[in-house]
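Observations on the model geometry
Residue-level listing of the chains:
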Amino acid sequence: MSAGKRALLPEAAMLTVLIALPWLAPLLHLPTDVLTRSLIWGLFGLGFDILFGFTGLLSFGQAAFYGTGGFVCGWLLTSHTLSSVPLALVIGTVTAGVYGLIVGYVSLRRVGIYFAMITLAFGEMSFFLENSPLAKWTGGENGLPGVPTPTLHLFGHVVHVKSGWAMYTFIAAIFFVGYLIARRIVASPYGVVLRAIKSNPRRAPAVGHDVQRYKLSAFVLASLYAGLAGGLLGVFQGYMPPDAFFLSTSGQLVLSTVIGGRGTLIGPLIGAFTWIELRNALQQVPHLGAAWKLIFGAIFVLIVTLFRRGIAGEIGAWLERLRRSRAPAPAPQAFEHARAAAHVPHQPEAAQPARRRPGAAVLEVRNLAKRYGGFVALADLTFEVREGELLAIIGPNGAGKSTLLNVLAGDLEASAGQILFRGSDITREGAIEVCHRGISKTYQINQLFADFSVRENVEIGLLAHRRGRFRVDCFRSFGTDRSLRASAEAILGKVGLLPFAEHPTAEMSYGEKRRLEIAIALASEPKLLFMDEPLAGMSPVERAEAVQLIARLAAERTVVLVEHDMDAVFRLADRIIVMQNGVKLAEGAPDEIQRNEEVQQAYLGGVEAHEPA
Amino acid sequence: MPSLGLFLSQLFNGLALGTLLALVASGLTIIFGTLGLVNFAHGALFAVGAYAGYVTYNLTHSFVLALAVGAVVTGLLGLLLEWGLIRRYYARPPEDQILVTFGIGIVIVESLRLGFGGLTKNVPQPSWGNGILNLHYFFYPTYRLEVLGIAGLALFGLYLLIYWTRLGLIVRAGIEDPLMVRMLGIRVPRVMTLVFGIGALAAGFAGVVYAPIISASPDMGNRVLVQSFVVVVIGGLGSFPGAVVGGIIAGEILSLTSMFDPAYSDVALYALMALVLFVLPRGLLGTEGRV
């Protein structure tokens, strides 16, 4: 089976199961309503899985949108404002999306733990709004009875969807469309960026993705799915219950998704089916009717502790292992061969690196300062970086070198001063904009997208370069973009990682990860490249290769290098700035710096300047 | 316009509720500050305190004993949870830590429901709390005034613990720089267990104190959990003074707005939270650094 066909296998399997269920269910003694209800939760969960499983945002307030969609749809129908059920569903869904936009905008001001707490609070707020101030429309504690069932006009026939299997078919069809869309989304460039944000929320903006807007769009997507599911709940039950807004509804969604498997899309459906069946089964047993939630909670704690991929995730991982063990395994030496062949392409070294004539100033730094409370990390720094040069910044630990690069690249905000790039002020633009201007940075500690392959790491950077800060191209395909692949491979070739393009990042050696770190920074085709200790932690052989690599990179663009390896610095640099305690101690050509007594005193400390640090 | 008497009485209500919220939230905040995790089971521990108090009161008819046993039982449960489960999570992603405490909370609440039933259990207020005081401008239930005193004393005790003991010094140092504390050779795992226990104890204590006012039910902790989240978001997560200030602000907002329309009091609290997030994303007394 070709890779393209295999990619559609989950869709085909889902369709088969949905069609087969009406015949299978009686054999398995499954009531229709259990299946229909599970599908509604599954639809609710598709959006939540995109938000949590793929983007990494754990929200405890999804009930807000489930309830909003449900009550708007329910009110439109029960108040006879509208008679068309599908139209009411659409309006409910859109309203939930708009509400999601507002709540998301506020909640996403904080990340991580705060986000979970804030969404929980907004979920509760929505419940209180439904319960009292809006009770005139929502029925408050009573909810909205009498939500009508849909009447559809299909190919000239009028179909009244009442209950049972007709209702199942109606909801299963909507679920399937929702599933198809979700599958497309996660396989699109947009979906890859969402996953990249989850994988490394710090690097994603540094390569030029507007993380905040991606997160907000995922939040809105999740609220749209929630709104639609909420509307269907009212239509299915003929009654819109206020418990759609309960905290326990949001909690139940989290539980279902984690037990079923986060990041699998079908996880929430499996999880929901599990608890709905469990509840039904235990209600038959005397005195145990209320125990289902205790059991479900205990299963949840067990799964989170021991099987964090959840049911679908663990089965998927097991199938993957099975497939790999059956596939003709590459000979054990193959990897080593690749590794041996993967050294940086050798180029004859010039006897003396050609000193380039200094060009115009690319970057002008004026009176730059960075303070943390009373601590001054950078004080009143003024210097410029000239077109085409390799400027090295050296200085003892704590001199402020990394802080300087972080401020220049927009990762940290300057406390005072100005940074001009080709004449425009970029001081307060932030990492994303700075990246799009053609500046990028390699980090002192690797900042890779650990959940992706080596090639995809570079492609994540390329996506920002090609698509811009933010784009919702959720119906394009990421996997089949040949030109993207070719560009990524060209960059990997430059750093000698091409043979490992398809390998998981986690399998790479430290030196290789270090080169991947550089490759990611190259994806945005930077005119100005900051490198923060690219040689740190490397073996002597790796160092020699990396120095060559840096020299070649510097031949094509302006480079600012922070490094402790003095041998490398004095070989590579056109100019050197020496920093100490956040101020500039000296600036000049390498031989001037070597002769400078003040530098020798303060930094080299009497040690021979030629001795490697 | 509400009368002066009503206003003052609601002001006192807000203060009593506020100190209780501050107590619950400071448990949450010192756990977060030291361990780096938000305890989503905190509301469940609050309920455990109330039920332990309820059982003790029924056996002994002593409110003071109920208070002591409720707090100690919850504290011990906290120690056990940290030691048995939660410490396995420090190296895992933050969302897993949230998930596991959330799951523990459900297991606790559902166990309470299975053991005691879903109906509310009435915990009578202590005999020395019966009656109504004439405070010149208004009449006020004695017990509520005592709640203010008891919760205030407990907060003061927590303050002494954090600012005037060796353990407190380690806790505060841990909030500043957890790695450095580890490098100084302090036995961090033991401190962490202890801190979780103290945080749980604070929640359990508050649960007993609050039980006579709202009655014990398995879900009684939900609302308190959400409100104490709002408190720490307003005050700044990880900050003890922030929890106290945030708690009192939250208490006052809840009770003063309910003077006009109780339906809006919770909404007003969340609106304030949204406002704080807009103006001061790190909270009133939150420090830079931790996110």
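Residues numbered from 1 in each chain as written. Chains lettered and ligands numbered in written order. Predicted model: local features only at pLDDT ≥ 70, side-chain atom pairs only at ≥ 80, totals over all residues.

1. Description of the overall build of chain A
As a reminder of what qualifies: Each helix is a run of H or I in the DSSP string that is no shorter than four residues. Each strand is a run of E no shorter than two, and both are numbered from the N terminus. Residues with at least 20 neighbouring C-beta atoms inside 10 Å of their own are called buried, those with 12 or fewer are called exposed, and the rest are partly exposed, where every C-beta is derived from the backbone. Whether two residues are in contact is decided by their C-beta atoms, placed from the backbone, lying within 7 Å.
Summing up its helical and strand segments, chain A has 25 helices and 14 strands in all. Judged by the C-alpha coordinates and their principal axes, chain A covers about 90 × 60 × 50 Å. Classification of the 613 residues of chain A by burial places 48% in the buried group. When contacts within chain A are restricted to residue pairs at least 6 apart in sequence, those whose partners lie at least 24 apart make up 75%.

2. Considerations on the nonpolar core
Keep this limit in mind: To count as a nonpolar core, a set of buried Ala, Val, Leu, Ile, Met, Phe, Trp, Tyr and Cys residues must be joined through C-beta atoms within 7 Å.
One finds A:Ala121, B:Leu20, B:Val24, B:Ala50, B:Ala206, B:Val230 and B:Val233 to be the most contacted residues of the largest nonpolar core, which totals 282 residues. It is helix 11 (residues 211–237) of chain A that provides the largest number of residues to this core, a total of 16 residues.

3. Some remarks on the confidence of the model for chain B
Heads up, the condition is: Each residue carries a pLDDT score, the predictor's own confidence in it, on a scale running from 0 to 100.
Looking at chain B as a whole, its pLDDT mean stands at 88, while 98% of the residues score no less than 70. On the interface metric, ipTM, the complex scores 0.91, and its pTM is 0.91.

4. Looking at the sheet that holds strand 8 (residues 416–421) of chain A
Residues and elements named next belong to chain A. For clarity, the threshold we go by: Only when DSSP finds a minimum of two bridges between them are two strands counted as paired. Lines fitted to the C-alpha atoms define the axes, with helices restricted to the stretch that makes contact. Angles between their N-to-C directions range from 0 to 180 degrees.
Spatially, 6-5-8-9 is the arrangement adopted by the 4 strands of the open sheet, whose pairing is antiparallel. The outermost strands of the open sheet, each flanked by one partner alone, are strand 6 (375–386) and strand 9 (424–425). One ladder, built from 8 bridges, connects strand 5 (residues 361–372) with strand 6; its direction is antiparallel. The partner of Leu 363 across the bridge, within strand 6, is Val 385. Its contacts with the sheet place helix 17 (residues 401–408) against strand 5, strand 6 and strand 8, and it is angled at close to 65 degrees to strand 6.

5. Quick notes on the sheet that holds strand 10 (residues 439–442) of chain A
All names here are of chain A. Strand order in the open sheet formed by 6 strands is 10-11-12-7-13-14, with mixed pairing between adjacent strands. Each edge of the open sheet carries a strand with a single partner, namely strand 10 and strand 14 (583–588). Each adjacent strand pair in this sheet contributes to an overall mean axis angle of 20 degrees, direction not counted. Two strands pair when backbone bridges link them, and strand 13 (residues 575–580) and strand 14 are joined in this way by 5 bridges, in the antiparallel orientation.

6. Observations regarding the interface of chain A and chain B
Keep this limit in mind: By the convention adopted, Pro, Cys, Tyr, Trp, Phe, Met, Ile, Leu, Val and Ala count as nonpolar, Lys, Arg, Asp and Glu as charged, and the other residues, Gly among them, as polar.
Taken together, the contact pairs 34 residues of chain A with 33 residues of chain B. Those elements that provide at least two residues to the side of chain A that touches chain B are helix 6 (113–131), helix 12 (247–260) and helix 14 (292–306) of chain A. With 12 residues, the single largest contributor to the side of chain A that touches chain B is helix 6 of chain A. Here the residues of the side of chain A that touches chain B are counted per class, giving 25 nonpolar, 4 polar and 5 charged.

7. A few points about the pairing of strand 8 of chain A
Residues and elements named next belong to chain A. Two strands pair when backbone bridges link them, and strand 5 and strand 8 are joined in this way by 5 bridges, in the antiparallel orientation. In the sheet register, Arg 366 faces strand 8, and the bridge partner there is Gln 418. The pairing of strand 8 with strand 9 spans 2 bridges and is classified as antiparallel. Paired with Leu 420 across the strands is Asp 425, a residue of strand 9. What sits between strand 8 and strand 9 in their antiparallel hairpin is a turn of 2 residues, with Arg 422 showing a positive phi close to 50 degrees.

8. Side note on the pairing of strand 13 of chain A
Residues and elements named next belong to chain A. The element strand 13 is largely enclosed, with a buried count of 5 among its 6 residues. The pairing of strand 7 (residues 390–394) with strand 13 spans 4 bridges and is parallel. Among the inter-strand pairings, Ile 393 is bridged to a residue of strand 13, identified as Ile 577. The loop that links strand 13 with its antiparallel partner strand 14 comprises 2 residues; one of these, Asn 581, has a positive phi angle of about 45 degrees.

9. Regarding unusual backbone geometry
Residues and elements named next belong to chain A. Of note, Asp 380 is a non-glycine position whose phi angle comes to about 50 degrees, a positive value. Look at Asp 380 and you get partly exposed, because 14 C-beta atoms sit within 10 Å. The backbone of Arg 422 sits at a positive phi, close to 50 degrees, despite the residue not being glycine. As for its position among the elements, Arg 422 is in the loop between strand 8 and strand 9.

10. Describing the packing of helix 3 (residues 63–84) of chain B against helix 8 (residues 188–214) of chain B
Think of two packed helices as two axes; the pair is described by the angle between the axes and how far apart they sit. For clarity, the threshold we go by: Each crossing gets its hand from how the near helix is turned against the far one by less than a right angle, where anticlockwise is left-handed and clockwise is right-handed.
At a minimum axis separation of 7 Å, helix 3 of chain B and helix 8 of chain B run at an interaxial angle of 145 degrees. Handedness of the crossing formed by helix 3 of chain B with helix 8 of chain B: right-handed.

11. Considerations on the packing of helix 6 of chain A against helix 11 (residues 265–279) of chain B
Running from N to C, helix 6 of chain A and helix 11 of chain B cross one another at 145 degrees; their axes reach a closest spacing of 9 Å. As helix 6 of chain A runs across helix 11 of chain B, the sense of the crossing is left-handed. Between helix 6 of chain A, through A:Ile118, A:Ala121, A:Phe122, A:Met125, A:Phe128 and A:Leu129, and helix 11 of chain B, the contact on the second element is made entirely by B:Asp266, B:Val267, B:Tyr270, B:Met273 and B:Leu277. For the contact of helix 6 of chain A with helix 11 of chain B, a count of residues per class yields 10 nonpolar, no polar and 1 charged.

12. Some thoughts on helix 11 of chain B
Basically, it comes down to this: In a helix, the anticipated span is given by 1.5 Å times the number of residues less one.
The end-to-end C-alpha separation of helix 11 of chain B is 21 Å, in line with the 21 Å expected for 15 residues at 1.5 Å each. Listed as buried for helix 11 of chain B are B:Asp266, B:Val267, B:Leu269, B:Tyr270, B:Met273, B:Ala274, B:Val276 and B:Leu277. For helix 11 of chain B, the elements touching its buried residues are helix 5 (85–107) and helix 6 of chain A together with helix 9 (220–235) and helix 10 (240–257) of chain B.

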